[in-house]
Structures are given as structure tokens and as C-alpha cells.
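# Tertiary structure, described
Here is what each chain is made of, one letter per residue.
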Amino acid sequence: MLWRQQATTSREGRGYVVDVDLAKYFDTVNHDRLMHRLSKDITDKRVLKLIRSYLQAGIMRNGLVEQRQRGTPQGGPLSPLLSNIVLDELDKELERRGHKFCRYADDCQIYVHSEEAANRVKASITEFLEQKLKLTVNREKSAATRVTERTYLGHRFQRDGSIPYLEDSTNSHEEASASNTKRNRGRELKTVIVELTQYLRGWQHYFKLAMRKSAMQRLDEWIRRRLRCYRLKQRKRRHSIATWLRQEGVNERNAWKLAMSEKGWWHLALSPQLNQAMPVKWFKEMGMYSLRDGYESLKIYSEPPYATHACTVV
């Protein structure tokens, strides 16, 4: 829903964005302001005292315990909620001003019609965050520019609201997939496929609005080649490779032809023998997730987004 809302805002002619970056946000939350905000809704002083103790939990540094003066404990289950309560004031202020915006945790973008308006909003919101909420805005990373020049949570939006396919997302995907299929991992292939399937399903659902069918097909082929290479490397010795290929239906002549080859593992992973031993059907039977099939089931999400005023995601 977040991407639908942001795309709609772009299509409405709000071609400029104020991208606000908070410097070390989770480490700079002001305890006194947060407790004051909580006291308006929580009347039980025991609960407030417990939250205060949680916020001021000691930090171990160089063998010594230091009391936390500001910020929320990193990794604590309550920290995301408390941090979002702080920025709830920002949401209310933006709504009061009639702005259209998207905020996910501390990542916030505000959409306006012109560059002048963007610069004006950036200055006023920076003052609000620093003076009222006692937070620090990273001026170097914050910007007031065209929507097409900024990304939001890994996505880039065009003026018409469309979401182009980003090569950066593919590169990060390939790096993660390559890490899962390193030939020296020493893990059983079934385990590697299970781990890779979990990652691929999550990655594709996250970037589903920016997917392209041809790119998914190419990535599927690349991943299958990585796994064939992984399986081949596991066999190591020539006799073991030839025996395994024979068991998978490759005739003896072709099995030994590949086993005796001096070419590298990556090159051999593209050979007809490996494709016969580990065809697409084999991967499906092993439970391997197909990005192309996933695209076909998710493409319904690429329908035009609905209109919205603002969005906030915790």
C-alpha cells in the first residue's frame, strides 16, 4: 500500500520531494520529551517508571557501565514503538499543514508542487524537528529536489507514478544470492535451496512493483547456474562427477567428457550435461522458488494505485 500511495502522489503533479534524513535517530531520542508525551496518555506512574528505566538501561563500554542519557536501546522490542511515538508529532504537524507525505520509521518524504515550495518546507520542517522534537537533521543527506532524483526504501518514482526497475536492487540481490551459493560453504544442496528460497520470496515481494518479467527470467537462469556449479563442485573428483552424471541420466560418453574437462566450474555449469542432470523440472521438485513464476502471481500488484492523503507505516 505504501508504494501505491506514493505513486499516486507523484501522478497528481507533486513532482518535488523533501527528503528528510535524521542523523542517528534511534540514538538521539530525547527521554524527557518522550516521557512527557507518554504521560499524556498513560496515567499509571508505575508503567511510566518502568519505561524510564528501560530507556536509561546501562551501556557496556570498555568494561564499564554507562547510563544512557538519550536514545532508545538498540534491538529492544519496545524501541520501534517508542521511536514512532516521537515522530507521531511530525505526522500530526504535516497533516495540520495539509502536506502529502510518506513515513516509514525515521524515513520521511514530503511531496510538493515546486522547487520553491520544497526548499521552504525543508527549512521549516528542519526547524520543527530540531527545535520542537530535539532531533538532529543531517543536512548533507537531506534534500529538496525532483522526485525522480531520489529513492525511497529502495524504490524510485517517475513523474507519472510508475516505478522503474532499479539495477541497484538486482545487484544487491545477486550479491546475497552469491553469498548463499558460495561453493566452499560445505552445506547440503537441499539446505542451500531452502535458505535461498526464503530469501528470494522475501526479496521479490518487497520489490514486486518494480519487477520486469525479462529480468526475473534472467535471474532465474543465473541462480540455477550458480546451484549447478555448487553441486558440481561438491562432487570434486572426476570419477565422482562421472558417476553422479550417469545416475542423473547422462550417457557414459558425455558424463566422462565433462568429468575430464579442464575448464572451470562456472563454465561447466552451463554445459548440456549439467542442464540434463539438473533441468528446470529438477529444481521445481526440489522446492526451488522461481522468480518468473512469482512474477506471474504478483503482477496484479502493478495495477494503478489509489489516491491517498498521507501514509505512515510503523
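Source: prediction; values computed, not measured.

## Re helix H2 (residues 31-39)
- Of the residues making up H2, those classed as buried are His 31, Leu 34, Met 35, Arg 37 and Leu 38. The arc that holds the buried residues of H2, viewed along the axis, is 160°, so those residues lie on one side.
- Tucked inside the fold, the buried residues of H2 contact helix H3 (45-55) and helix H4 (79-97).
- Its side-chain oxygen 3.1 Å from the backbone nitrogen of Asp 32, Asn 30 forms the N-cap of H2.

## A word on the packing of aromatic side chains
- Counted under the stated rule, the structure contains four aromatic pairs.
- Seen from their ring centres, Tyr 206 and Phe 207 are 4.9 Å apart, and the 80° between their planes marks the pair as edge-to-face.
- Residue class for Phe 207 comes out buried when judged on its relative accessible area of 12%.
- Among the aromatic residues, ring-to-ring pairing joins Trp 203, Tyr 206 and Phe 207 into one connected group.

## Re empty space enclosed by the protein
- Counted under the stated rule, the structure contains three cavities of 30 Å³ or more.
- Approximately 50 Å³ is the volume found for the largest cavity.
- Lining the largest cavity are Val 29, Asn 30, Arg 33, Leu 34, Arg 37, Ile 85, Val 86, Glu 89 and Leu 133.
- Of all elements in the fold, only H2 and H4 reach the threshold of two or more residues within the lining of the largest cavity.
- Of the residues that constitute the lining of the largest cavity, the class distribution is five nonpolar, one polar and three charged.

## Quick look at the pattern of salt bridges
- Taken as a whole and assessed by the stated rule, the structure comprises 13 salt bridges.
- Taking the shortest distance from any N to any O, the salt bridge between Arg 52 and Asp 32 comes out at 3.4 Å. Taken together, the positions of Arg 52 in helix H3 and Asp 32 in helix H2 put the pair 20 residues apart, joining distant regions of the chain.
- Taking the relative accessible area as the measure of exposure, Arg 52 reaches 25% and is therefore partly exposed.

## Structural notes on H3
- Listed as buried for H3 are Leu 48, Ile 51 and Leu 55. Viewed along the axis of H3, the buried residues span an arc of 65°, placing them on a single side of the element. Along H3, the residues that are exposed and aim more than 90 degrees away from the buried face are Arg 46, Lys 49 and Leu 50.
- Looking at the buried positions of H3, the neighbouring elements they touch are H2 and H4.
- Between the side-chain oxygen at the start of H3 and the backbone nitrogen of Arg 46 there is a gap of 2.9 Å, and the oxygen is on Asp 44.

## As for the nonpolar core
- Met 216, Leu 227, Leu 245, Met 278, Met 288 and Leu 291 are the most contacted members of the largest nonpolar core, which totals 33 residues.
- Only helix H7 (189-206), helix H8 (213-235), helix H9 (238-247), helix H10 (252-259), helix H12 (272-277), helix H13 (280-285) and helix H14 (291-298) provide two or more residues apiece to this core.
- For this core, the element with the most residues is H8, which contributes seven residues.
- Judged by nonpolar contacts, the second largest core, of 32 residues, contains Leu 82, Leu 129, Val 137 and Ala 144.

## Quick notes on the state of the cysteines
- The full count for this structure, using the stated rule, is zero disulfides.
- Not engaged in a disulfide, the cysteine Cys 108 finds its nearest cysteine sulfur in Cys 102; these two sulfurs lie 8.4 Å apart.

## A look at the side chain of Glu 93
- Its place among the elements puts Glu 93 in helix H4.
- In this structure the side chain of Glu 93 is engaged in a polar contact, spanning 2.9 Å, whose partner is the side chain of Arg 97.

## Describing the environment of Leu 196
- In this fold, Leu 196 is placed in helix H7.
- By relative accessible area, Leu 196 is classed as buried at 0%.
- Taking the C-alpha atoms as reference points, Leu 196 and Ile 223, separated by 27 residues in sequence, lie 9.4 Å from one another.
- The residues touching Leu 196, leaving out its near neighbours within four places in the chain, are Ser 177, Asn 180, Thr 181, Ile 223, Leu 227 and Met 288.

## Re the packing of H8 against H14
- Running from amino to carboxyl end, H8 crosses H14 at an angle of 150°, the nearest separation of the two axes being 7 Å. The orientation of H8 relative to H14 falls into the category roughly antiparallel. For the pair H8 and H14, the contacting residues are Lys 213, Met 216, Gln 217, Leu 219, Asp 220 and Ile 223 in the first and Leu 291, Arg 292, Tyr 295 and Glu 296 in the second.

Criteria and cut-off values
- Residues numbered from 1 in each chain as written.
- Predicted model: local features only at pLDDT ≥ 70, side-chain atom pairs only at ≥ 80, totals over all residues.
- Heavy atoms only, no water.
- Buried < 20%, exposed > 50% of the residue type's maximum accessible area, 1.4 Å probe, protein only.
- Helix = DSSP H or I, 4+ residues; strand = E, 2+ residues; numbered from the N terminus.
- Arc of directions from axis to C-beta.
- Contact = heavy atoms within 4.5 Å.
- Polar contact = N/O pair within 3.5 Å; in protein donor to acceptor, adjacent residues only side chain to side chain.
- Phe/Tyr/Trp six-rings, centres within 6.5 Å; stacked < 30°, edge-to-face > 60°.
- 1 Å grid on protein atoms, 1.4 Å probe; cavity = no way out; pocket = protein on both sides within 12 Å on 5 of 7 lines; lining within 4 Å.
- Points joined across faces, edges and corners; volume = space filled by probe spheres on them.
- Nonpolar A, V, L, I, M, F, W, Y, C, P; charged D, E, K, R; others polar.
- Salt bridge = Lys/Arg side-chain N within 4 Å of Asp/Glu carboxyl O.
- Core = buried A, V, L, I, M, F, W, Y, C linked by side-chain atoms within 4.5 Å.
- Disulfide = S-S within 2.5 Å.
- Axes fitted to C-alpha atoms, helices over the stretch in contact; angles between N-to-C directions.
- Parallel < 35°, antiparallel > 145°, perpendicular 65-115°, else oblique.

The quantities given are spatial measurements derived from coordinates; they are silent on function.
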